[in-house]
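Here is how the chains run, residue by residue.
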Amino acid sequence: MGSVLIEQLRKDFSGLTVLQDINLDIKEGEFFALLGPSGCGKTTTMRCIAGFETPTSGTIKIGDKNVANLAPNERNCGMVFQSYALFPHMNVFDNVAYSLNIKELKKSNFFKKAGVYTRMLNSKIVKYPQHIERKVMDILEYVELTEHAKKLTSELSGGQQQRVALARALVMEPEVLLMDEPLSNLDLKLRHTMRNTIRRIQQDLKITTIFVTHDQEEAMSMADRIAVMKDGKILQVGTPTDLYSNPNTPFIADFVGTSNILSGKVVGSEKGETIVQIGNQQIKSSAQTDKKDVQVIIRPENINVLNGAPDNFGNSFEGTIHLATYLGSIVRYDVRVGEHQLLIDTTYESGDSIKKNGSTIRLGVSPERVLLI
Amino acid sequence: MNKFKQNFMGLGLIKLLIYGFFLLFLIIPLLSVFLVAFTDEPINVFGSLVSWEQMQITIDQLKNATLDNFKAMFTYGSYFRGLINSLKLSLIVSLWVLIICIPIAYGIARTKMPFKRTISALCTVPLVIPTFISAYAFIIMFGRSGWVTYIYEKMGGEGMLIDPYSMTGIAIVQIFFFFPYALWPMVAAFKISDISLEEASRNMGSRGWLTFITVTFPLALPGMLSTLLVIFAVSFSDFGTPIILAPNDLNLIVVDAYREISGFFNWGGAAILTVIMIAVAGVVYWLQNYLLKDKNYDVLSGKPKQVKLNKNKALTIPLTIFSGIVVLIPILAMITVFLQSIATTWGRDPLPSGYTFDHYRTIFTSSLGNIQNSLVLAGGALILSAVIATFVSYFVVRQRSTTLDFMTTIPLIVPGIAFGIALIQTFNTAPLQLTGTALILIIAYSIRRLPYMVRSTVGTMRAIKQDIEEAAVSLGASTLTAATTVVGPLMLPGIAAGSILVFVTVIKETSVSILMAPAEWAPMSLAIFQNVLRAEYYSAAAMSVILVIIVLVLQAIANKLSGGNKSHE
Ligand SMILES: Nc1ncnc2c1ncn2[C@@H]1O[C@H](COP(=O)(O)OP(=O)(O)OP(=O)(O)O)[C@@H](O)[C@H]1O
Ligand SMILES: [Mg+2]
């Protein structure tokens, strides 16, 4: 199992730059997510690692080995495709055994080669040797597909096909496992189950995994670290909690979770707190900055509703409720403060009353929760 | 392994080989025949590449090049007459086919005429019959001792109703055996022409027939014109009908070219005729593409609107009768061939005087070799074109190789006899003396049929998603292994359907067989041809029946296969 090191990767498609300044240092055994909106270059990055695209410039190392001169079939990257890309003319067992057949093909003599070749075309004619049989059945058992081994892949459900694709990639014991939006074809419920399955397998096998997704919740709940991409560049790399509590751009603040983002001007500082003017309001933040124009970021759950409680938050305002949305365990209020609009999440316990639209409330935010970018 | 080296050893090498194949057997022969039209003597292209002396000779030949042949073409009587006659023939045939097809196509597309299904099915019959057999069937129907002539005389006529050995005879055979090529495109044209416009016209009070003339017909016109060009091209390159029916004093360019080379060894003359044939076919092909270019295919891809079918008996019954007569003629021709094949003797009578299987027995004892040759040659062409087409479609679809795509359309344009002449000239001498071998015959067949094969395999290839192949590569397979273990098996249905088509058309193939097949490799078509020339009609008939049966059976299998072809899409 290997680490993946990407330095100054750049990729142009017929003059158009699709990726630039990509630097990633993915550690051995890490579960790493590439997160970003559609068209930002996630798939292209992954295809460069797998060798299906040739980088315009930059280096890629897998386990300390520069792979520039390695063809895709020599890189030992297990891939799970969005469409699963199972071989429709083979049954589940043959699909999973494919890479093992290829390994046999590489090391055996001519007659054995012919045998393996025949087996790849029709496994009824030439039988599998015991060690392949065992290995395939082990991995099928691991992904709970033992009883489907002889089925055609078209006879399986979406989730089962997904697991075949996973098993097929895992059986080759790849240096890295590359997954391109593997869950996007599954329904919501199955997606949650598969998240757990993939995470469990990854932790069991300690396999370096790069996981492409545009779903921030998926990335946050599965990955050890996340790289957020936009327009062919990496904006920030960090653990899920890092990204959430210290986003380095308003884009990430909004893309990773929900944020209130307001533009303001720094007007001074007082007792180590920065004072920012937003419209005709002032707000204190414990964040330090030497910029004049700043973006003020406040997470909805960090704004508190003061139900007549004493105001000891450092910042407090008056607002009018515009809309209240009930989301199960929380209630989200859309509140108007001056000319600004803020989202506020409050935990909801049964018996609590939801405030009416148009009612006036007092809000409090502690300066530690006010981020400046 | 180095990436470049690996690529070179695998698919890259195969691509190179395919380019080499096309260069050697398609591009160089066509260029060489073009040069020979100027030098008037065969030039030894490959000899020039290996020997300096030969190179000197070739250079001298090129230095002495003249325009004599071109002058001869346009001044010397017979070549020019041949071209004009051929153009005239093709024009007559395509116009008549159009006239005949309009009512039938309308009947099938827009009416509830009785026996519509039967008529549609019978309309495919002429397509499976090689033209030299249809031509020969016309001889035994309309010839001096044919049964039609007998009936005609009994009814008071004198001589023959139609002389099969004439321009008219050739035209009639081509009309009745080529019309299905036009029929199906025209049915489609009638089906797609905008029905809502017609309804609007009718709502405005226009009568049915007026609507047809003012709306339906003009809308179908572009489709019809391109169909006309298809028939023109088919008729122009047809060799089977004229070689059997053209009398000595009738110059037709295909026949002239054949006679120049196989009778007089007049290389220059054959070359200029070949160049002209290719030029005409090229122009027709270009016109056809030009017509189809601005055609709006939205109508085709859109949801087919429900057509209201005409049920008016006063219209549909005459349509059925007309269509019936048209399809009856090819069928009568085939029945005649069959009767002849089981006749003891068949003189000037409506029916043979007795029946026997002797002719078949003779064939299975003395001419079994021809059947074997046909099968071996067709099998060889099948394998060669299947292998080439599979890789070509891979390069065309996956690597967007426009060069290969273009190369595989060239054989569509070059008439068989022209291609044959080009090959004979190019491979006539050492170091690559292949003329007269089975190999060059197989290669000629393969290249000629490759476009159809490629069309079939490209379709299947497109249906296989790229990531399936990439999955195989990511699992460690080289591109070549991925192609053979994953892409290949998935393409099998397409390859199989295309292969049968190639096999069938090779068995039917006339021009290349007659021109190039050496005696020891004579296929069935050449044997029938020679029998007809020697007036051995009974064995020719029996051999024809066997040929048609082989073709019919294979065609049925192909239809089955391509019907069950959609499973992977
Ligand atoms: N082969 C190609 N040729 C030209 N442009 C390409 C090619 N492949 C990708 N692109 C372009 O590169 C950009 C990034 O594409 P990529 O597939 O990597 O995006 P992505 O982040 O995976 O998006 P999605 O979430 O929609 O899958 C897009 O603008 C795309 O149009
Ligand atoms: Mg993508």
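Calculation criteria
- Residues numbered from 1 in each chain as written.
- Chains lettered and ligands numbered in written order.
- Predicted model: local features only at pLDDT ≥ 70, side-chain atom pairs only at ≥ 80, totals over all residues.
- Heavy atoms only, no water.
- UniProt positions renumbered as here; feature names shortened; annotations may be inferred.
- Helix = DSSP H or I, 4+ residues; strand = E, 2+ residues; numbered from the N terminus.
- Buried < 20%, exposed > 50% of the residue type's maximum accessible area, 1.4 Å probe, protein only.
- Areas by Shrake-Rupley, 256 points an atom, 1.4 Å probe, with all protein chains shown as cover.
- Contact = heavy atoms within 4.5 Å.
- Buried area = accessible area lost by both parts, 1.4 Å probe.
- Salt bridge = Lys/Arg side-chain N within 4 Å of Asp/Glu carboxyl O.
- Polar contact = N/O pair within 3.5 Å; in protein donor to acceptor, adjacent residues only side chain to side chain.
- Nonpolar A, V, L, I, M, F, W, Y, C, P; charged D, E, K, R; others polar.
- Pairing = 2+ DSSP bridges.
- Domains from an automatic or database assignment.
- Near = heavy atom within 4 Å.

Within an unreviewed UniProt entry, the label attached to chain B reads ABC transporter permease, and the organism entered is Oceanobacillus indicireducens. The annotation that UniProt attaches to chain B under Sequence similarities (unreviewed entry) is "Belongs to the binding-protein-dependent transport system permease family."

Chain A is annotated in an unreviewed UniProt entry as ABC transporter ATP-binding protein from Oceanobacillus indicireducens.

Undergrad: Hey, could you run me through the overall build of chain B in this one?
TA: For chain B, the count of helices and strands is 28 helices and zero strands. Taken across its 569 residues, chain B has 54% of its residues classed as buried. Summed over its atoms, the accessible surface of chain B is roughly 25,100 Å², and 66% of this surface lies on carbon and sulfur atoms.

Undergrad: Quick question: what am I supposed to make of the interface of chain B and chain A here?
TA: A common way to state how big an interface is: give the accessible area lost once the parts meet. Facing the 22 residues of chain B at the interface are 31 residues of chain A. Overall, the association of chain B and chain A removes approximately 2,200 Å² of surface from exposure, summing both partners, and the carbon and sulfur fraction of that is 61%. Along the contact surface separating chain B from chain A lie one salt bridge. At the junction of chain B and chain A, the tally comes to seven residue pairs in polar contact (both at pLDDT 80 or more). Residue assignment for the side of chain B that touches chain A shows that the elements contributing at least two residues are α1 (3–39), α24 (466–474) and α25 (479–508) of chain B. Class assignment for the residues of the side of chain B that touches chain A results in eleven nonpolar, eight polar and three charged.

Undergrad: Help me understand unusual backbone geometry, please; the structure alone is not making it clear to me.
TA: Most peptide bonds take the trans configuration, and most residues that are not glycine carry a negative phi. All names here are of chain A. Even without glycine at this site, Ser14 takes up a positive phi of about 40°. Relative to the assigned elements, Ser14 resides in the loop between β1 (4–13) and β2 (16–26). A residue is classified by how much of its surface remains accessible, and Ser14, at 81% relative accessible area, is exposed.

Undergrad: Explain the sheet that holds strand β19 (residues 360–365) of chain A to me, please; I cannot follow it from the model alone.
TA: Think of a sheet as strands paired side by side through backbone hydrogen bonds, with each pair either parallel or antiparallel. Spatial ordering of the open sheet is given by β15-β19-β16-β17-β18 (chain A), a layout of five strands whose pairing is antiparallel. Only two strands of the sheet have a single partner each, and these edge strands are β15 (304–305) and β18 (340–347) of chain A.

Undergrad: I keep staring at the environment of Ser184 of chain A and nothing clicks. Help me out?
TA: Residues and elements named next belong to chain A. Structurally, Ser184 can be placed in the loop between β7 (176–180) and α6 (188–205). The spacing of Ser184 and His214 is 30 residues in sequence and 9.3 Å in space, taken between C-alpha atoms. A polar side-chain atom of Ser184 sits 2.9 Å from a polar atom in the side chain of Gln82. Separated by 3.1 Å, the side chain of Ser184 and the backbone oxygen of Glu181 make a polar contact.

Undergrad: For this particular structure, what's the right way to read the pattern of salt bridges?
TA: Two side chains carrying opposite charge are able to pair once their charged atoms lie near each other. Residues and elements named next belong to chain B. A full pass over the atoms with the stated rule returns 17 salt bridges over all chains. For the salt bridge of Arg448 with Glu509, the shortest nitrogen-to-oxygen distance reads 3.2 Å. Placement of the pair is Arg448 in helix α23 (residues 438–463) and Glu509 in the loop between α25 and α26 (511–516), with a sequence separation of 61 residues. For Arg448, a relative accessible area of 13% corresponds to the buried category. We note a salt bridge from Glu509 to Arg449, for which the minimum N-O separation is 2.8 Å.

Undergrad: What exactly am I supposed to notice about the domain arrangement of chain B here?
TA: Residues and elements named next belong to chain B. According to the domain assignment, chain B consists of domain 1 (19–24 + 357–569) and domain 2 (78–245 + 309–356). Facing the 26 residues of domain 1 at the interface are 26 residues of domain 2. Both faces considered, domain 1 and domain 2 share a buried interface measuring about 2,200 Å² in area, 74% of it formed by carbon and sulfur atoms. When residues of domain 1 are sorted by the area they lose upon contact with domain 2, Lys508, Tyr537 and Tyr538 head the list and together hold 24% of the total. At the surface where domain 1 touches domain 2, the tally comes to zero salt bridges. At the surface where domain 1 touches domain 2, the tally comes to six residue pairs in polar contact (both at pLDDT 80 or more). For the side of domain 1 that touches domain 2, the secondary-structure elements that each account for two or more residues are α18 (358–366), α26, α27 (524–533) and α28 (537–563). Examining the composition of the side of domain 1 that touches domain 2, we find that twelve residues originate from one element, α28, more than from any other. Its residues placed into classes, the side of domain 1 that touches domain 2 shows 18 nonpolar, six polar and two charged.

Undergrad: Help me out: how do you make sense of the site of ligand 1 in this one?
TA: All names here are of chain A. In the vicinity of ligand 1, the contacting residues are Phe13, Val18, Ser38, Gly39, Cys40, Gly41, Lys42, Thr43, Thr44 and Glu181. Separating an oxygen atom of ligand 1 from a backbone N or O atom of Gly39 is a distance of 2.7 Å. The protein chains hide 57% of the 640 Å² of surface that ligand 1 would expose on its own. Ranked by residues supplied to the shell around ligand 1, first place goes to helix α1 (residues 42–50) with three residues. Residue classes in the shell around ligand 1 are distributed as three nonpolar, five polar and two charged.

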